[in-house]
Amino acid sequence: MSRRGNDEFEIDLEALRLRYRDERAKRLRADATGQFQPLKGRFADFAKDPHADPGLSRAPCVEAVDVAIIGGGFGGLLAGGRLREAGVESLRIIDKAADFGGTWYWNRYPGVACDVESYVYLPFLEETGYIPSEKYARGGEIFEHCRRIGRHYRLYDGALFQTEVTRVAWDETGKRWIVSTDRGDRIAARFVVSCKGLYNSPKLPGIPGIEDFQGRSFHTSRWDYAYTGGAADQDLAGLEDKAVGIIGTGSTGIQCVPRLAERSKHLYVFQRTPSSIDARNNRPTDPAWAATLSPGWHRRRIENFTLVTAGVPQAEDLVEDSWTDLLGAGAGAADGEAKPLDPAALDRSQFMKMEVVRRRVEAVVKDRATAEALKPYYHYLCKRPGFSDEYLEAFNRPNVTLVDTDGRGVERITPHGVVAGGAEYRLDCLIFATGFDFMNNYVREAGFDVIGRGGLALSECWAGGVRTLFGMQAHGFPNFFVVSLIQAGVSFNYMHIADEQARHIAYVISRCLEARIETAEPAAEAVSDWVETVLASAGARRAFLDGCTPGYIDQEGRRDSAFDLNASYPKGPVSYLELLESWRAEGSMQGLVVEPAGC
Ligand code: NDP
């Protein structure tokens, strides 16, 4: 439904504001992010890799390279690919998984797919000569594309899989980073690029009794196909005689539920907060359209998506989907200029979008009480919007029950099931679609510390929040880079930002290698200036989130002291990308202190 269509109906804004406030109040909890626990200690079994060879053994690797890349998801693949294009041959990618893919390696749950259009989300399409098969690609195809990139740029050469980095420490004498791993490797690298990804640290809820459940239980990022049968795009025959429960109705839950509903004897969906479910409208790629694409199409489309979703008027909206529709900024005026979004227009647009979403629930879900419970009451961008043409429909099946907890969450887990609203639901299998630790603590989420110049630990340096230049480099940590959303411009298409960061990092590293620069490190003042820019919008961000229902985006409604720094660059993705480009074009590496190599 288009925004112009959204404007056709009336809504009572004041009544909705009050309802949103009440729904938020119901969900605020004193323990906030403390309500979750990592997949560690007594929950370590939840973290095991179902896809890896448990018997892998190899000799430790002791060597010197120009670049060590930590993480083989899209961030690491982008960094590796752009470095190869810049002529860097000596590099190694290290990842705890058994292959490339990151998020798309781990998340193989049934129905997994990407909500951002594949023609803008997937990187290196022209470079690899690949056209995705559908507008919204499925997880298996995305994972395969990761492997294609790995082959295309020869990144498999020397890659260390099933290997966890334990420590990265700067050796001032040799001017090298020493990367240590859990397999005894010791890699001396001139440069390190840390690409931990956004969702690499799954979490479980601290629901009382969670450790007592005697049936089969797993997190969605470690799906147990040996138990459920099937595969990501096949039916789950093993569940035919099973009562299955799923806790979590975010983007992951939305995608699993239809597949679970098809095969489970009975499926109980435990809901704390309903997601917004907009139309998905997926379709196969039209070969006739693909044949019309001319060189440069991929970059043009990626840029068009970011500009349109940032509210910059464009002559044409190339993607035309629910993301680009939000502000109605698609077609119309040409040659628009980047300017900050009008908060009032965005506010109204979000109210309208949510009304469309609620009406959609009413139109699809037949049982009135279930439909009411599935209607979300909060600002559209308070939570990650969801898209599906199958999720709401699943609740019309006789073998599917929505157990709505009215914002409170389930009460208890017993050896045989889940207690909610005072009733016990007996289950054979309990699945946690409860998400990931997100932008709370970089070092904890990465899983290793970085010891910089003078023994300075990144965990201490960033304890009160991240401090960077451009979201990529830190003072005290020469030749160290991160690909990350923190203190960077944010687009609905994260891949665009990650790619531009990868190009930027490849530029700095190749300049250093060519010009025989030993170290490049941001000056303290350059970092302070960038941090001030980020902090300038902290008040506005808090004001918006104060009206939001709690979630991972706002640390469950109770923000810690690091929250304002672990934020994005406030002027938006267009300004961020322009700034990086003009910095490179200027050519003097402003803000970096460089030390030439000795003779
Ligand atoms: P989320 O953090 O978005 O969702 C977690 C879910 O668990 C929420 O519904 C939450 O409820 C619920 N929950 C947590 N604790 C309890 C409890 N005690 N009782 C009941 N329910 C509970 O995680 P996801 O894995 O769904 O998604 C993470 C992110 O990954 C997304 O936001 C998205 O950015 C990305 N993603 C993208 C996909 C795509 O492109 N298609 C697909 C999947 C993920 P509440 O809302 O009340 O906190």
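Just so you know, these numbers come straight off a predicted model, no measurement behind them. All residue numbers refer to position in the chain's written sequence, counted from 1. Local features in this predicted model are restricted to residues whose pLDDT is 70 or higher, and side-chain atom pairs enter the listing and the counts only when it is 80 or higher, whereas totals over whole chains, interfaces and linings include all residues. Only hydrogens and water are set aside when side-chain values are computed; all heavy atoms of the structure are taken into account.

Q: Would you explain the overall build of the protein in this entry?
A: Runs of E in the DSSP output that reach at least two residues are strands. Runs of H or I that reach at least four are helices, and both are numbered from the N terminus. When helices and strands are tallied, the protein shows 21 helices and 21 strands. For the radius of gyration, the atoms used are the C-alpha atoms, and the globule rule reads 2.2 Å times the number of residues raised to 0.38. Whereas a compact globule of 599 residues would reach a radius of gyration of roughly 25 Å, the protein reaches 24 Å, a difference of no more than 12%. Its C-alpha atoms give the protein principal-axis dimensions of roughly 80 × 60 × 50 Å. Burial classes follow relative accessibility: with a 1.4 Å probe on protein chains only, a residue under 20% of its type's maximum area counts as buried, one over 50% as exposed, and anything between as partly exposed. Counting the 599 residues in the protein, one finds 58% classified as buried.

Q: Help me understand the sheet that holds strand β16 (residues 423-426), please; the structure alone is not making it clear to me.
A: In a beta sheet, neighbouring strands pair by backbone hydrogen bonds and run either parallel or antiparallel. Strands pair, by our definition, only if DSSP identifies at least two bridges between them. The strand order across the open sheet built from three strands is β14-β15-β16, with neighbouring strands paired in antiparallel fashion. With partners counted over all chains shown, the strands left at the sheet margins are β14 (412-414) and β16, one partner each. Strand after strand, the sheet turns through a mean of 25° between neighbouring axes, direction not considered. Of the strand pairs in this sheet, β14 and strand β15 (residues 417-420) are connected by three bridges, and their pairing is antiparallel. Bridge pairing in β15 places Ile 413 opposite Val 418. Geometry is summarised by axes, namely lines fitted to C-alpha atoms with helices restricted to the contacting stretch, and by angles between N-to-C directions that run from 0 to 180 degrees.

Q: Looking at this structure, I do not really get the sheet that holds strand β8 (residues 216-219). What am I missing?
A: Ordered in space as β8-β17-β9-β10-β13, the five strands form an open sheet in which the pairing is parallel. Edge positions in the sheet fall to β8 and β13 (400-404), since each of these pairs with one other strand and no more. The sheet shows a mean angle of 15° between the axes of neighbouring strands, taken without regard to direction. Bridge count for strand β9 (residues 243-247) against strand β10 (residues 266-271) is five bridges, and the pairing is parallel. From the neighbouring strand, Ala 243 faces β10, where its bridge partner is His 266. Pairs of residues are marked as contacts when any of their non-hydrogen atoms sit within 4.5 Å. Lying on the sheet, helix α9 (residues 251-263) is in contact with β9, β10, β13 and β17 (429-432); it crosses β9 at an angle near 170°.

Q: For this particular structure, what's the right way to read the nonpolar core?
A: Note that soluble globular proteins tend to have their nonpolar side chains buried in a common cluster. Here, nonpolar core means buried Ala, Val, Leu, Ile, Met, Phe, Trp, Tyr and Cys residues that are tied together by side-chain atoms lying within 4.5 Å of each other. Counting 159 residues, the largest nonpolar core has Phe 74, Val 193, Leu 260 and Tyr 576 as its most contacted members. The biggest single contributor to this core is helix α18 (residues 494-514), with eleven residues. Leu 260 has contacts with Trp 223, Leu 236, Leu 239, Val 244, Ile 246, Leu 267 and Ile 431, leaving out every residue within four places of it along the chain. In terms of nonpolar packing, the next biggest core, distinct from the first, is built from 18 residues, Phe 46, Tyr 268, Phe 270 and Leu 430 among them.

Q: What should I look at first to understand the side chain of Asn 399 in this one?
A: Tracing the backbone through its elements, the reader meets Asn 399 in the loop between α15 (391-394) and β13. Whenever two N or O atoms come within 3.5 Å, that pair is a polar contact, provided that in protein one can donate a hydrogen and the other can accept it, and provided that, for residues adjacent in sequence, both atoms are side-chain atoms. Within the structure, the side chain of Asn 399 is placed 3.0 Å from the backbone oxygen of Ser 264, a separation counted as a polar contact. Those residues in contact with Asn 399 that sit more than four places away from it in its chain are Ala 261, Ser 264, Lys 265, His 266 and Leu 267.

Q: Looking at this structure, I do not really get the side chain of Asp 321. What am I missing?
A: Its location among the elements puts Asp 321 in the loop between α11 (297-309) and α12 (322-325). As used throughout, the charge tally considers Lys and Arg to be positive and Asp and Glu to be negative, leaving His and the chain termini uncounted. What makes a salt bridge here is a side-chain nitrogen of Lys or Arg within 4 Å of a carboxyl oxygen of Asp or Glu, nothing more. Look at Asp 321: it is buried, it has no salt bridge, and the nearest opposite charge is Lys 135 at 5.3 Å. Among the polar contacts listed, one links the side chain of Asp 321 to the side chain of Tyr 136, at a separation of 2.8 Å. Dropping the residues within four chain positions of it, Asp 321 is found in contact with Lys 135, Tyr 136 and Phe 305.

Q: Can you help me understand the domain arrangement of the protein in this one?
A: Many structure descriptions define interface size as the accessible area lost when the parts assemble. Segmentation of the chain into domains, including their bounds, is taken from an automatic or database domain assignment. Considered domain by domain, the protein is made up of domain 1 (62-100 + 155-201 + 438-521 + 574-596) and domain 2 (203-273 + 389-395 + 410-435). Between domain 1 and domain 2, the C-alpha centre-to-centre distance is 37 Å.

Q: Quick question: what am I supposed to make of empty space enclosed by the protein here?
A: The method is simple in principle: a probe with the dimensions of a water molecule rolls over the atoms, and the space it marks as empty is what remains. Only protein atoms enter the 1 Å grid used here, on which a cavity is any set of points holding a 1.4 Å probe that cannot leave and a pocket is any open set flanked by protein within 12 Å on both sides along at least five of seven lines; residues with an atom within 4 Å of a point are listed as lining. Grid points are joined across faces, edges and corners, and a volume is the space filled by probe spheres set on the points. One pass over the structure, following the stated rule, counts three cavities of 30 Å³ or more. There is about 80 Å³ of room inside the largest cavity. In terms of lining, the largest cavity is formed by Lys 196, Gly 197, Leu 198, Phe 438, Met 439, Tyr 442, Glu 445, Val 483, Ser 484, Leu 485 and Ile 486. Any residue outside Ala, Val, Leu, Ile, Met, Phe, Trp, Tyr, Cys, Pro, Asp, Glu, Lys and Arg is labelled polar, Gly included; the first ten of those are nonpolar and the last four are charged. A per-class count over the lining of the largest cavity returns seven nonpolar, two polar and two charged.

Q: Is there a simple way to explain the site of the ligand in this structure?
A: Throughout, near means a residue has at least one heavy atom within 4 Å of the molecule or strand. Inspection of the region around the ligand gives 26 residues, with Tyr 199, Thr 252, Thr 273, Lys 383 and Tyr 552 positioned closest. In this structure, an oxygen atom belonging to the ligand sits 2.7 Å away from a side-chain N or O atom of Tyr 199. Tyr 552 places a polar side-chain atom, nitrogen or oxygen, 2.5 Å from an oxygen atom of the ligand. Residue-level accessible areas treat just the shown protein chains as cover; the underlying method is Shrake-Rupley with a 1.4 Å probe. Relative to its unbound accessible area of 920 Å², the ligand is 90% covered by the protein chains. Among the elements that make up the shell around the ligand, the one with the highest residue count is α9 (three residues). Residues belonging to the shell around the ligand are distributed by class as follows: twelve nonpolar, ten polar and four charged.

Q: Would you mind showing me how to read the state of the cysteines here?
A: Disulfides are covalent bonds that link the sulfur atoms of two cysteine residues. For this text, the term disulfide refers to a pair of cysteine sulfurs within 2.5 Å. Evaluated as defined, the whole model comprises one disulfide. The side chain of Cys 382 participates in a disulfide bridge whose partner is Cys 548; the two sulfur atoms lie 2.0 Å from each other. Across the S-S bond linking Cys 382 and Cys 548, the dihedral sits near -80°, which makes this disulfide left-handed. Of this pair, Cys 382 sits in the loop between α14 (368-373) and β12 (386-387) while Cys 548 sits in the loop between α20 (538-546) and α21 (572-586), placing them 166 residues apart in sequence. Judged by relative accessible area, Cys 382 falls into the buried class, the value being 3%. In this model Cys 61 remains outside any disulfide bridge; the closest cysteine sulfur is found in Cys 195, 18 Å from its own.

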